[in-house]
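# Per-entry structural report
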Amino acid sequence: MKKAYDFSWQDLGDLTAGRPNLGGETSVAIYRLMQFTFKDILSKELGREKTSELFVKAGYLAGREFCRNMLSTALPFNEFIADLKLKLIDLKVGILQVEQADMERFEFILTVSEDLDCSGLPIFGETVCDYDEGFIAGVLREYTGKEFTARELDCWATGDRTCRFVVKPVER
Amino acid sequence: MSSSTHLLETLNHCLAQAMERGIGKNGLTFPISCEEFQDPSCRCFCENLEQIFGQINETYRLAEALANGQLKAEVSRSNIFAMPLKALQSSLRHLTWQTNQVAAGDLSQQVTFLGEFSESFNHMIESLRDKKSLEQRLKTITDVIGEGIYLVDTKGALLFANPEAEKLLGYGIEEMAGKIILHAIHKQVADGTLFAPEETRLLHAIANGQTYNDNDCVFTCKSGRLMPVSLACRPVVTGDSLEGAVLAFHDISEQKKYQESLHKINALLDMQASTDGLTGIYNRAKFSKLLKVEIARAARYGSAMSILMFDIDKFKDVNDTYGHQSGDKVLIEMARAIHHNIRSTEIVARWGGEEFIIIAPGCGLEQGRQLADILRLKVEQTAFSVPRKITVSFGVAVFRADDTEISLTNRADTALYRAKENGRNRVETEDSPADPV
Ligand SMILES: [Zn+2]
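Throughout what follows, the structure given in this document is the object of discussion. The model shown is predicted, which means the values in this text are computed figures rather than measured ones.

## Thoughts on the nonpolar core
Residue and element names in this part refer to chain A. One finds Cys118 and Val167 to be the most contacted residues of the largest nonpolar core, which totals 33 residues. Contributing elements (two or more residues each) for this core: α3 (48-70), α4 (77-90), β1 (95-102), β2 (107-113), α5 (130-144), β3 (148-154) and β4 (162-169). By residue number, the principal contributor to this core is α5, which donates 6 residues. In contact with cysteine 118, not counting residues within four places along its chain, are Arg32, Val128, Cys129, Cys155, Trp156 and Cys163.

## Remarks on the side chain of threonine 275 of chain B
All names here are of chain B. The topology assignment puts threonine 275 in the loop between α9 (253-274) and α10 (284-301). Polar side-chain contacts of threonine 275 include one of 2.8 Å to the backbone oxygen of methionine 271. Ignoring sequence-local partners within four residues, the contact set of threonine 275 consists of Gly280, Ile281, Tyr282 and Asn283.

## A few points about the layout of surface pockets
In this structure, the largest pocket spans a volume of roughly 1800 Å³. Considering the residues around the largest pocket, the lining is formed by 48 residues, among which Leu12, Tyr31, Ala62, Leu116 and Tyr131 of chain A are closest to the centre. Residue assignment for the lining of the largest pocket shows that the elements contributing at least two residues are α2 (28-46), α3, α4, β2 and α5 of chain A. Ranked by residues supplied to the lining of the largest pocket, first place goes to α3 of chain A with 8 residues. Residues that form the lining of the largest pocket fall into these classes: 34 nonpolar, 6 polar and 8 charged. Size it by volume and the second largest pocket reaches roughly 460 Å³. Around the second largest pocket sit 19 residues that line it, and Glu99 and Arg164 of chain A together with Leu71, Lys72 and Arg93 of chain B are the ones nearest its centre. No other element matches the 6 residues that helix α3 (residues 83-103) of chain B contributes to the lining of the second largest pocket. Across the lining of the second largest pocket, the residue classes tally to 6 nonpolar, 4 polar and 9 charged.

## Concerning the pattern of salt bridges
On inspection of all chains with the given rule, the structure shows 37 salt bridges over all chains. The shortest N-O distance in the salt bridge between glutamate 142 of chain A and arginine 68 of chain A comes to 3.2 Å. Within this pair, whereas glutamate 142 of chain A is found in helix α5, its partner arginine 68 of chain A is found in helix α3, the two being separated by 74 residues in sequence. Across the pair aspartate 83 of chain A and lysine 87 of chain A runs a salt bridge, and its minimum N-O distance is 3.4 Å. With a gap of 4 residues between them, aspartate 83 of chain A and lysine 87 of chain A both fall in helix α4, about one helical turn apart. Since its relative accessible area comes to 18%, aspartate 83 of chain A is described here as buried. For lysine 87 of chain A, a relative accessible area of 23% translates into the label partly exposed. One connected set of salt bridges, linked through shared partners, spans Glu99, Asp154 and Arg164 of chain A together with Arg77 and Arg93 of chain B.

## Points about a nonpolar patch on the surface
Among the surface-exposed residues, Ile123 of chain A together with Ile52, Ile80 and Phe81 of chain B lie close enough to one another that they form a single nonpolar patch of about 320 Å² accessible area. Looking at the secondary structure, you find phenylalanine 81 of chain B in the loop between α2 (40-67) and α3.

## As for the sheet that holds strand β8 (residues 355-361) of chain B
Residue and element names in this part refer to chain B. As summarised here, the arrangement of the 5 strands in space is β7-β8-β6-β9-β10, forming an open sheet in which the pairing is mixed. Taken across any chain shown, the strands that pair with only one partner, and hence form the sheet edges, are β7 (347-352) and β10 (427-429). Taken over all neighbouring pairs, the strand axes of this sheet differ in orientation by 20 degrees on average, direction set aside. Strand direction decides the pairing type here: β7 and β8, joined by 5 bridges, are antiparallel. Looking at β8, one finds that arginine 350 is bridged to phenylalanine 356. With respect to the sheet, helix α12 (residues 324-340) is in contact with β6 (305-312), β7, β8 and β9 (392-398), its orientation differing from that of β6 by roughly 150 degrees. Across the sheet, helix α13 (residues 365-381) touches β6, β8, β9 and β10, and the angle it forms with β9 is around 165 degrees.

## Brief notes about the packing of α4 of chain A against α5 of chain A
All names here are of chain A. Two elements in contact, α4 and α5, have axes whose closest approach is 12 Å; the angle formed by their N-to-C orientations is 140 degrees. Taken together, the axes of α4 and α5 are oblique relative to one another. Considering only the axes of α4 and α5, their crossing is right-handed. Only Phe135, Val139, Leu140 and Tyr143 of α5 make contact with α4, whose side of the interface consists of Phe77, Phe80, Leu84 and Leu88. The residue inventory of the contact of α4 with α5, partitioned by class, reads 8 nonpolar, no polar and no charged.

## Thoughts on the interface of chain B and chain A
Often, the extent of an interface is quoted as the loss of accessible area upon association of its parts. Between chain B and chain A, the residue contacts involve 18 residues of the former and 21 residues of the latter. Buried surface at the junction of chain B and chain A, both sides included, amounts to about 1800 Å², of which 52% is carbon and sulfur. Ionic pairing is found between arginine 93 of chain B and glutamate 99 of chain A, a salt bridge with its closest N-O pair at 3.0 Å. Joining chain B to chain A, the criterion identifies 9 residue pairs in polar contact (both at pLDDT 80 or more). Grouping the amino acids of the side of chain B that touches chain A by side-chain chemistry returns 5 nonpolar, 8 polar and 5 charged.

## Here's the deal with the side chain of threonine 409 of chain B
Residues and elements named next belong to chain B. For threonine 409, the position within the fold is in helix α14 (residues 405-421). Judged by relative accessible area, which is 7%, threonine 409 ranks as buried. Here the side chain of threonine 409 touches glutamate 405 through a polar contact of 2.7 Å, landing on its backbone oxygen. Sequence-distant contacts of threonine 409, defined by excluding residues within four places in its chain, comprise Leu291, Met309, Trp351 and Ile357.

The rules we used
Residues numbered from 1 in each chain as written. Chains lettered and ligands numbered in written order. Predicted model: local features only at pLDDT ≥ 70, side-chain atom pairs only at ≥ 80, totals over all residues. Heavy atoms only, no water. Core = buried A, V, L, I, M, F, W, Y, C linked by side-chain atoms within 4.5 Å. Buried < 20%, exposed > 50% of the residue type's maximum accessible area, 1.4 Å probe, protein only. Helix = DSSP H or I, 4+ residues; strand = E, 2+ residues; numbered from the N terminus. Contact = heavy atoms within 4.5 Å. Polar contact = N/O pair within 3.5 Å; in protein donor to acceptor, adjacent residues only side chain to side chain. 1 Å grid on protein atoms, 1.4 Å probe; cavity = no way out; pocket = protein on both sides within 12 Å on 5 of 7 lines; lining within 4 Å. Points joined across faces, edges and corners; volume = space filled by probe spheres on them. Nonpolar A, V, L, I, M, F, W, Y, C, P; charged D, E, K, R; others polar. Salt bridge = Lys/Arg side-chain N within 4 Å of Asp/Glu carboxyl O. Patch = residues over 30% accessible without salt bridge, like charges linked within 9 Å, V, L, I, M, F, W, Y side chains within 5 Å. Areas by Shrake-Rupley, 256 points an atom, 1.4 Å probe, with all protein chains shown as cover. Pairing = 2+ DSSP bridges. Axes fitted to C-alpha atoms, helices over the stretch in contact; angles between N-to-C directions. Parallel < 35°, antiparallel > 145°, perpendicular 65-115°, else oblique. Left-handed = near helix turned anticlockwise from the far one by under 90°. Buried area = accessible area lost by both parts, 1.4 Å probe.

Given below as structure tokens:
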């Protein structure tokens, strides 16, 4: 059996060299095509719950790596969030907003509008942004050193216009 | 049993009414019961319409709630009309949070994708950042400046104190904020006497927006210590309205001390320049000045004045026999003896060597002679350390209207010479009595 793969940021490759003509961007539809086909196959192989769990885990890894490579953890919290918001807009991931922040308990209600994963989807009646849940928890884990859970309350796919996440530290 | 025509007519009536009167408090009421329809497609259409009516009502209520600022209002997930309002609701919740953040000093907030509102908000943030950096600069200036600075309102209540002010007077901004600072610090003069701060020119200047400077002011520190300060007060005016004043002050204790010591040094230098180093009485230079003054006075008022010049008899013998140190001692004792036996208006000085000179204001020639004789006798009776007995000879001259210091002292000198010639330990007056002046 082959050894498990360990992700590293360098594996994303040198896009200026690799895509001199096409550049670093692609279409959201293609991104979603990959994500939803993964979802299709994995859910059939492993079941819906396991698939969802794996998407959260992958998102968490992505969030930690993103924070480590794209953000400055030395910034004070407010500026860190402002920076994160700008980066997510620049990279066309989504529009991050804070609706509530309890800085003592470190509990937040965050929203992401025009989310890469779900905005414009038909109304399925359930939240679909498992990957985002993991991503948010991963970013905060990397910034604070503490584990977080992010749970999506509202989603485009449940009839909302923004994805709304409740973020809390994991009780120990 | 209802027909589709009936359904359309009823609907039309209901909608026409709504268009005319608005949706109102009770909302749109779906006018027909779906059960009335037997035809399945008609019934399905009817049910969908009823649901849409419900969603419209709900959306209307959500819009109303948002218009009233109720950002927690809820709406069912399947409501397709409410979706943009939900986006608005989300933005408004975020804006509320952002506003609170800004109020708490977080200027990293930016509003994105809200059109003109974004522009205005971000513009506001930019101005606040400018203001903050200006404030920061001012704070740095007031922090490092070596002056105590108070910002007060027109009543003198404290609004701001820089660290130097706290350091100088001991009052922190926390304990004095909003209190009339001058009641605590501006209530005494340098000797400790209390006055009513309300009556001071400083408080008057603050209340009336006037410029005020005081280089000789005293502030009372929290410890009770009185601190001499140099103070500048300038009005703070915004637009047309007087906001209060800025007081800048610094401790001038050191400066005061320096001035005092300078004063002492100058007095000492002055004394050194005017006294004889050995005997401590006036020297010849100072005597000349004093004589000039006395001559001028006598000339102006026509008053009498005598000059008594005297010399220690056989002083050379004293030096030769007992040494110069003993000679100096005799000179010192002589100066002391004479000084003790003249009046405060009379002036004695060392003329040079063993010669002394006295100004006796108000004395004519005869009075001068009498005074000289008294002094001569006193010296004769004084027991000096070595040798025991010392005598002096006096020459006396009286002021004449045309006298200069030189002519006057010369005549006294001539008389003294004669006293020596005539056997010492005696008084001689000038040759011819003075013309009356
Ligand atoms: Zn979502």
